[in-house]
Every structure is written in structure tokens, then in C-alpha cells.
Amino acid sequence: WRERSVRSVANMTRDDAREFMAIAAEAGIRVEYVTYTLDQANDALAVVRIAAGEGLGADIVSGGELGKALRAGVPAERIVFSGVGKRREEIRAALEAGVRSLNVESLGELEVVAEEAAALGAVAPVSVRLNPDVEADTHAYVATGSARSKFGLGAADARAAYERAAADPSLEPVGLSF
């Protein structure tokens, strides 16, 4: 925001969400929706319901969070499934629910998403998580953007993953995440 900043979605209030959307609209910035990150914020069902009521989507990292977001009233098309270590059954559940995208972290994960989508006769919307290889002055346990991080793909692998997704009829590349 113009005069102040919110350090994280965990500190965001209803007024903050409304103000952000109003400022974006005033500036001519098209924002479809903002996601509330369940794993990094308060994932209590009542809080997620408030976020859903304000029109926020959900950024999830597990099948449990998928269920919670849906129970809270977040429309599936406003849910993005991020994170490493997605299990096949979680990928399948996300595809069956109709999530906005599965953010893939590796070429191997992309293959699993393609297999699950093909088995369902579905097209999986995927975003490729790019690891920008940026060093941050932070604690090693929370650093996510360096080449040593387990999160995302380097530039060459991210390009290969996006090209692979574009060539597969069971995958639809919809974005880049980083």
C-alpha cells in the first residue's frame, strides 16, 4: 500500500484486503484475486472463511489444506496448489476439484501431474516454479530462492518443463511461479 506495508498475509485485515484491491483498481492494475497462504498464515477454518468472504483465493501445499479451503468456501478456481512433495492422491484430488493451477517444482512432478490428468481424462493447469537463484540475507531454513534451495527449477529446467507442458494434451501451462 502507499503509506504502509503489511508484512505478511497473516497480518492482513479485511480492510487491508479491500484497500489493496481498491488501490490496484485505481492504478489500472488487473488483479483477478489475491491468495491467502494457508501454510504460512493462520489456517483456522474460521479465518480461512473470512479470507474467502473477502474474495481471496487460497495458496495450499497439501490435500488437507485443499479440503479446508473448499470447506471454507474458497472456489476451486481460486486455489493454487504449491509446495514440494505433493502425493499422487493429492494431485488427483486437486484435479478433481478443479483448482486454478498446480505449481510444479520439478520435472518429475510434472510427469506425475500429466499421468494423473491423463488417467482422469482431464487437462491439468500447471504453473512452473522458477527458482531465480537469488541470495537473500536471511536464515538458511527460510531461504527459498537460491540455487541450493529445494524449491523450484533453474532457468533451463523451467523452460524445459514449460515446453513439456505445452506439448502434452493433458497439461495446460497457465503461469510461472517464483
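This text follows the structure it describes.
Residues numbered from 1 in each chain as written. Predicted model: local features only at pLDDT ≥ 70, side-chain atom pairs only at ≥ 80, totals over all residues. Heavy atoms only, no water.

### Here's the deal with the overall build of the protein chain
Along the protein chain, the regular secondary structure elements total 6 helices and 6 strands. In the protein chain, the succession of α and β elements from N to C terminus is α-β-α-β-α-β-α-β-α-β-α-β. Counting all 178 residues of the protein chain, 38% fall into the buried class. The contacts in the protein chain between residues at least 6 apart in sequence include a share of 45% that link residues at least 24 apart. (Helix = DSSP H or I, 4+ residues; strand = E, 2+ residues; numbered from the N terminus. Buried < 20%, exposed > 50% of the residue type's maximum accessible area, 1.4 Å probe, protein only. Contact = heavy atoms within 4.5 Å.)

### A few points about the nonpolar core
Ile79, Leu102, Val113, Ala124, Val126 and Leu171 are the most contacted members of the largest nonpolar core, which totals 34 residues. It is helix α5 (residues 107–120) that contributes the most residues to this core, 4 residues altogether. Excluding residues within four positions of it along the chain, Ala124 makes contact with Leu95, Leu102, Val113, Ala117, Ser170, Leu171 and Glu172. (Core = buried A, V, L, I, M, F, W, Y, C linked by side-chain atoms within 4.5 Å.)

### Overview of helix α2 (residues 45–53)
Taken residue by residue, α2 has Val48, Ala51 and Ala52 as its buried positions. Down the axis of α2, the smallest arc covering the buried residues is 100°, so these residues share one side. Summarising the geometry of α2, the exposed residues directed more than 90 degrees from the buried face are Ala46 and Gly53. Contacts from the buried residues of α2 go to β1 (35–37) and α3 (63–71). The positive-phi residue at the C-terminal boundary of α2 is Gly55, with phi of around 90°. (Arc of directions from axis to C-beta.)

### Focus on the packing of helix α4 (residues 88–97) against α5
It is at 10 Å that the axes of α4 and α5 come closest, and there the two elements cross at 50°. As the angle between them shows, α4 and α5 are arranged oblique. Considering how the two elements wind past one another, α4 and α5 form a crossing that is right-handed. Here α4 contributes Arg88, Ile91, Arg92, Leu95 and Glu96 to the contact with α5, which in turn contributes Val112, Val113, Glu115, Glu116, Ala117, Ala119 and Leu120. Taken together, the residues of the contact of α4 with α5 break down into 7 nonpolar, no polar and 5 charged. (Axes fitted to C-alpha atoms, helices over the stretch in contact; angles between N-to-C directions. Parallel < 35°, antiparallel > 145°, perpendicular 65-115°, else oblique. Left-handed = near helix turned anticlockwise from the far one by under 90°. Nonpolar A, V, L, I, M, F, W, Y, C, P; charged D, E, K, R; others polar.)

### What to know about the sheet that holds strand β5 (residues 124–129)
Here we have 6 strands laid out as an open sheet, ordered β1-β2-β3-β4-β5-β6, and parallel in their pairing. Two strands lie at the open edges of the sheet, namely β1 and β6 (171–177), each paired on one side alone. Averaged over neighbouring strand pairs, the angle between their axes works out to 30° when direction is ignored. Where strand β3 (residues 79–81) meets strand β4 (residues 101–104), 2 bridges bridge the pair, whose relative direction is parallel. Within β4, the residue paired with Phe81 across the bridge is Leu102. Across the sheet, α5 touches β4, β5 and β6, and the angle it forms with β4 is around 150°. Across the face of the sheet, helix α6 (residues 155–167) comes into contact with β5 and β6 while running at roughly 150° to β6. (Pairing = 2+ DSSP bridges.)

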